[in-house]
Amino acid sequence: MASVGLTLLLIQQWSLLLPELPDSTALWVGLPFALAGLWYQALKGLAVIYLLAFAQLEALSALPNPREIVARDHALVRVEGQIMSVIRDQGEFLSYQLKVKRAADPALVGHQLIIADRHLEHLKTLKSAVSLDATVQLRSLASHVNIHPRNDQMSTFYRGVTGRASMIMMHPVEQGRRMVSPLPIRQKFSDWVNKEVKDPRARSVIKALTVGRNDFLSSGDQWLLQKTATAHLLVISGLHMTLVGWGSFRGLRYFGFSYRISLMAGSAAAMFYAWLATGGVSVIRSGLMLGFLMAAGLFRFPRSGWGIFWLTFVLTLLVSPTISGLTGFWFSFGCVASLLTLARIQGEESLGLFFKALLTIRMQLLLGLLMLPVVTYFIGVSSLIGPLVTAIAIPFVALFVLPASIIVLLMFLLSELLQWSWVQSIAIFSLEIAEFLVMALWFLLDWAGTMAQLINLPALPVVYLVVLAAGLCIVFSGLKLGHWTLVLALCGPLMAPKVNKPKLGALKLLVMDVGQGTSVLIQTANHYLLFDAGPKTRYGFDAGAKVVLPQLRGLAVSKIHKLIISHSDADHAGGRAVIEQRFRIEGVTDSSAQACLQGHAFDLDEITFRYSRWQQAQTQNDGSCQLSIEGLGYKILLAGDIGAEAEVALLPDLPRGIDLLLAPHHGSRSSSSPALLNQLMPKWVVFSMGLDNAFGHPHPEIVTRYSNRGSRLLFTGQQGAVEFAADHSGIQLRSSARSEYARFWLASQPNH
C-alpha cells in the first residue's frame, strides 16, 4: 500500500503541473489494455501506474474549472446555491462562499464562489439561511500570479474555490426537506461568544477551537503565532479531532460502558466535531483514520498504525485530486508519519500507549524537531523556539483549553435546545473558565514571543536544519534514531533553495504581481533592494503579507539591504508595516528622506543607483521618489506615481535612452507625457496594475503613446509577475509568471 500511495502522490503532483489536461478519449482507449496488464506479472506495475494516472486525470477533468468563470467574467447570472462558510462582516461588505447547485447556465453548476455582498442589510437573513436564490456578477479568480509558484490563486483553487462574484440581489430558499447544515449553529455560537467574551484574543481562540472560526486574529497575533510555531493550534486539525474522539472513548469506558459502545460514541463525537467545524486536510485525514480504527475495533480486524496510515493516504489522494498541492497535506501526513516512527522507536505502538505518549512534552518536542525542516521548506522561515513552545503548548491546549472549549460548546447547544436558565448559567460559567485558560495560553505565547528567533531558509540551509533535528532526536531518544540521521541528511540538499546570484555589475529585477500597486525586487551580486511594498486595501488585502513576503521567502531572500518607498499612498506603501515587522531590513528610504530630496547616488556591486524627486511637488504622487539604475550595458528607471508636470520638471535629472521603465502612475492618462517618453525612449515598459482595475489603468491613449515609440509592453495584470536580467549585453526578459506557470486551470489573459 505504501508503494501505491507514493506512486499516486507523484502522479498527482505531476498532473497539477500540466498546462492542459490530456484528451479523455485517449485515456479511455488505453483502459482495457491496462486492465488486461494486471493479469501479467511483468506488466502489473505499469498497469497500476496507468490506472492511478487514469483515475487522477479523470477526477481533475470532472472538477469545475476556473476557466469557465473567466469566459463569463462580469456576466450577470442567476444561481441557486448553498452557503458554504460562516458570514464574515468586513465592515464595508459581507464575505462568504456559495456553492452553485442550480443555474440558468449549466456550466456554472458545481462551482464554488467567494461572494462579496455590499448589502449589509443581508446579514440577518444570511445568518439563518442555508441556500440562496441570487443574482450575482461573476468575476474570475485570476488575481495575483507570481514567480514563486505557491501563489494565492493556486491555493484558492486547490481548496475548491473557482471564482468570485458580487451579490446583486438575493433571497433565501425554503427547503422542502430541511437541509442539515452546521452553518446556522456556527453562526449563532460565534455571535454568542462575541457577546459574552470581551477580550478579542480569547474570543478568537474559543471560536477557532469549537467551530473553526480563526479569521479574526489581528496581524500582530498572527505574527506571534508564526514566531512561536503555534498557528496550527488555532485550526481545528486532526490532533483536536483525535483528542475529542479519544477523550470521549476513555470517558465512557471509565463510567463502565462497553468497548463497542464507547468506540462508536467516541467516533461519533469526533465526526460531529469535524462536521460542525468543516475543517481542512487534517480533518479529512483524521476522519478516515478514525473510521478505519472504529471498523477494526468493531469487527476485530488487525490494527496496524502504518497500514491505516497508508490506506488513509491513498483514499485522501483519490477523494481529492488537488489535495497534495496544499501545504496542510504535507504538514498533516508528515506529523502522523513522524509520530508513528517515534512510537515504533519508543515501543509505544499500541493505541493506548500511543495516545498517552502523544500528550507528553518529550514526544511533542521530538515531533517539533522532526517537522522543523518541513516547516522551513514550505513556509520559508522557522522558529528556533518553536519545538520547545509547542512541546508545552500542545499538552496544555489538549488537556485544558480544548476540553474547556468543547464543554462551552456543549453547554451552549444544550441551552439552545432546552432553554433552561440554569443550563444557560452553566454555559456562561464554563465560558468564563475557558476564557481564563485561553488568556493563560496567550500569556505563555507572549512570553515565548519575546525570545523567539526566526531563521530564513537561506540563512540556515535545510541540510543543517535536518542534521540538527535528527541529532537532537538522537539526544532525546537514544541511538535508535541514528540510521534516520543519515537518511534525513541526504534528503536535506534536495530541499535546499537554489540561489543563482548575478555577477558583479549585473542584476535581476522582478516586478511582482501585487494587483493595483507596485513592488519591485532588485537583486545584485550581494544585495537585495525592494522598491515599494505593494498595496493594502480597505477590504483587508495586504500585499506585503499575501504576496511580497511569500515571494521573498520563496526566492530565498535572507534580508533586504534597502527598502525604498516611493511615496506614502496605500498602493505603494500599504505592505510596508508587515514587511518591516517580519523581515530583516538594513535601511529604509522614503520620499521624505534627505537621500531622496537631495538626489543622492550610491554604488552597489558595480551598479550605480540614484534617487530623484521634484522639490516643488504639491501632491504625494508628484513627490514620488524615483530610482534610476545604471550598470555597464543597461539603464533602468523605476518611476513612482509622478504626473506630467513632475515628469517635465525632472527631465534634467533623468537618463536618456533607457532599457526598462516602470511606467509612471500605472499608466494613468495624467502621466507618461510625450516629453518624458521622447527623452527616455524605453525599450521595455512594465505597467504594474491590477487586472480589470477600477481606475482603467493603463489608459489606452498611454498604451498607444508607448507603442508608437517602439516600446515592448508588459502588464502585470495580464502577464503576472515579470522578471528581467541585465548585464553588459543589455536587458532580457527572463520570464512572465502566467506563461512560466501555465496550468490547466489557470486561464491565460489576452494582451492589453
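Before reading on, note that the structure itself is shown above.
The rules we used
- Residues numbered from 1 in each chain as written.
- Predicted model: local features only at pLDDT ≥ 70, side-chain atom pairs only at ≥ 80, totals over all residues.
- Heavy atoms only, no water.
- Helix = DSSP H or I, 4+ residues; strand = E, 2+ residues; numbered from the N terminus.
- Contact = heavy atoms within 4.5 Å.
- Pairing = 2+ DSSP bridges.
- Axes fitted to C-alpha atoms, helices over the stretch in contact; angles between N-to-C directions.
- Salt bridge = Lys/Arg side-chain N within 4 Å of Asp/Glu carboxyl O.
- Buried < 20%, exposed > 50% of the residue type's maximum accessible area, 1.4 Å probe, protein only.
- Phe/Tyr/Trp six-rings, centres within 6.5 Å; stacked < 30°, edge-to-face > 60°.
- Lys NZ or Arg CZ within 6 Å of the ring centre and 35° of its normal.
- Parallel < 35°, antiparallel > 145°, perpendicular 65-115°, else oblique.
- Left-handed = near helix turned anticlockwise from the far one by under 90°.
- Nonpolar A, V, L, I, M, F, W, Y, C, P; charged D, E, K, R; others polar.
- Expected span 1.5 Å × (residues − 1).
- Polar contact = N/O pair within 3.5 Å; in protein donor to acceptor, adjacent residues only side chain to side chain.

**Q** I'm lost on the overall build of the protein in this one. Help?
**A** Scanning the protein for helices and strands turns up 29 helices and 22 strands. For the protein, the share of sequence-separated contacts (at least 6 apart) that also reach a separation of at least 24 residues comes to 70%.

**Q** Honestly, the sheet that holds strand 9 (residues 507-511) in this entry has me stumped. Any pointers?
**A** In a beta sheet, neighbouring strands are held together by backbone hydrogen bonds and run either parallel or antiparallel to one another. Pairing in this open sheet of seven strands is mixed, and the strands run 13-12-11-10-9-21-22 from one edge to the other. Because the sheet does not close on itself, it has two edges, and the strands there are strand 13 (588-590) and strand 22 (730-736). This sheet shows a mean twist of 15° between the axes of neighbouring strands, independent of strand direction. In this sheet, strand 21 (residues 722-727) lies alongside strand 9 in antiparallel orientation, the contact comprising five bridges. Bridge pairing in strand 21 places lysine 508 opposite alanine 725.

**Q** Quick question: what am I supposed to make of the pattern of salt bridges here?
**A** One side chain can pair with another of opposite charge once the charged atoms of both are near each other. Throughout the structure, instances matching the rule amount to 14 salt bridges. One salt bridge connects glutamate 701 with arginine 705, and the closest N-O pair in it is separated by 2.9 Å. Here glutamate 701 pairs with arginine 705, and both are found in helix 27 (residues 700-707), just four residues apart, close to one helical turn. Residue class for glutamate 701 comes out partly exposed when judged on its relative accessible area of 35%. Assessed through its relative accessible area of 17%, arginine 705 is described here as buried.

**Q** Would you mind showing me how to read the sheet that holds strand 18 (residues 660-662) here?
**A** Read from one edge of the open sheet, seven strands run 14-15-16-17-18-19-20, paired in mixed fashion. Of all the strands in the sheet, the pair left with one neighbour each is strand 14 (601-604) and strand 20 (712-715). Strand after strand, the sheet turns through a mean of 15° between neighbouring axes, direction not considered. Pairing of strand 18 with strand 19 (residues 684-687), which is carried by three bridges, proceeds in the parallel orientation. In the sheet register, leucine 660 faces strand 19, and the bridge partner there is tryptophan 684. Contacts between helix 27 and the sheet are confined to strand 18, strand 19 and strand 20, with strand 20 contributing the most and set at about 145° to the helix.

**Q** Teacher, can you tell me more about the environment of phenylalanine 54 here?
**A** Within the secondary structure, phenylalanine 54 is located in helix 3 (residues 41-62). We classify phenylalanine 54 as buried; its relative accessible area is 11%. Setting aside chain neighbours within four positions, we find phenylalanine 54 in contact with Leu27, Trp28 and Leu31.

**Q** Just checking my understanding: could you explain the packing of aromatic side chains for this structure?
**A** Where two aromatic rings form a pair, the distance of their centres and the angle of their planes describe that pair. According to the stated counting rule, one finds 23 aromatic pairs in the structure shown. Consider the rings of tryptophan 684 and phenylalanine 724, whose centres lie 5.6 Å apart with planes at 70°: the pair is edge-to-face. Residue tryptophan 684 is located in strand 19, and its partner phenylalanine 724 is located in strand 21; the two are separated by 40 residues in the primary sequence. Taking relative accessible area as the criterion, tryptophan 684 reaches 9% and is therefore assigned buried. By way of ring pairs, the aromatic residues Phe309, Trp310, Phe313, Phe329, Trp330 and Phe333 are connected into one cluster. Over the aromatic face of tryptophan 442 sits the side chain of arginine 201, whose NZ or CZ is 4.1 Å from the ring centroid. One residue, lysine 562, lies across the ring of phenylalanine 602, its end atom 4.9 Å from the ring centre.

**Q** Would you mind going over the packing of helix 1 (residues 2-15) against helix 3 with me for this structure?
**A** When two helices pack together, their arrangement is given by the angle between their axes and by how far apart the axes lie. Following both chains from N to C, one finds helix 1 and helix 3 inclined at 45°, their axes separated by 10 Å at the closest point. In terms of orientation, helix 1 lies oblique with respect to helix 3. Pair helix 1 / helix 3 crosses with right-handed handedness. Contacts between helix 1 and helix 3 involve Val4, Thr7, Leu8, Ile11, Gln12, Trp14 and Ser15 on the former and, on the latter, Ile49, Leu52, Ala53, Gln56, Leu57 and Leu60. Each residue belonging to the contact of helix 1 with helix 3 can be placed in one class, and the counts come to nine nonpolar, four polar and no charged.

**Q** Sorry if this is basic, but what is going on with the pairing of strand 21 here?
**A** Taking burial as the measure, the six residues of strand 21 include five buried ones, the bulk of the element. Pairing between strand 21 and strand 22: six bridges, direction antiparallel. Across the sheet, the residue bridging to glutamate 723 is serine 735, located in strand 22. Connecting the antiparallel pair strand 21 and strand 22 is a turn made up of two residues.

**Q** What's the story with helix 11 (residues 259-277) in this structure? I'm lost.
**A** Given 3.6 residues per turn, any residue in an α-helix points the same way as the ones three and four places further on. For helix 11, spanning 19 residues, the distance from its first C-alpha to its last is 27 Å, which sits close to the expected 27 Å at 1.5 Å a residue. For helix 11, every residue scored as buried is listed here: Ser262, Leu263, Gly266, Ser267, Ala270, Tyr273, Ala274, Leu276 and Ala277.

**Q** Got a minute to help me understand the side chain of aspartate 221 in this structure?
**A** Position of aspartate 221 among the secondary structure elements: in helix 9 (residues 219-227). Note on aspartate 221: relative accessible area 11%, which makes it buried. Looking at aspartate 221, its side chain comes within polar contact range of the side chain of arginine 201, at 3.2 Å. When sequence neighbours within four positions are dropped, the list of residues in contact with aspartate 221 reads Arg201 and Trp442.

**Q** How should unusual backbone geometry be read in this particular structure?
**A** Keep in mind that most residues, glycine aside, have a negative phi and that most peptide bonds are trans. Residues histidine 697 and proline 698 are joined by a peptide bond in cis, for which omega reads -10°. Relative to the helices and strands, proline 698 is located in the loop between strand 19 and helix 27. Positioned with a positive phi, aspartate 605 is a non-glycine residue whose angle comes to about 50°. Here aspartate 605 shows up in the loop between strand 14 and strand 15 (607-612). Phi angles above zero are rare outside glycine, and serine 672 is one such case at about 55°.

Function cannot be read off these values alone, since they describe shape.
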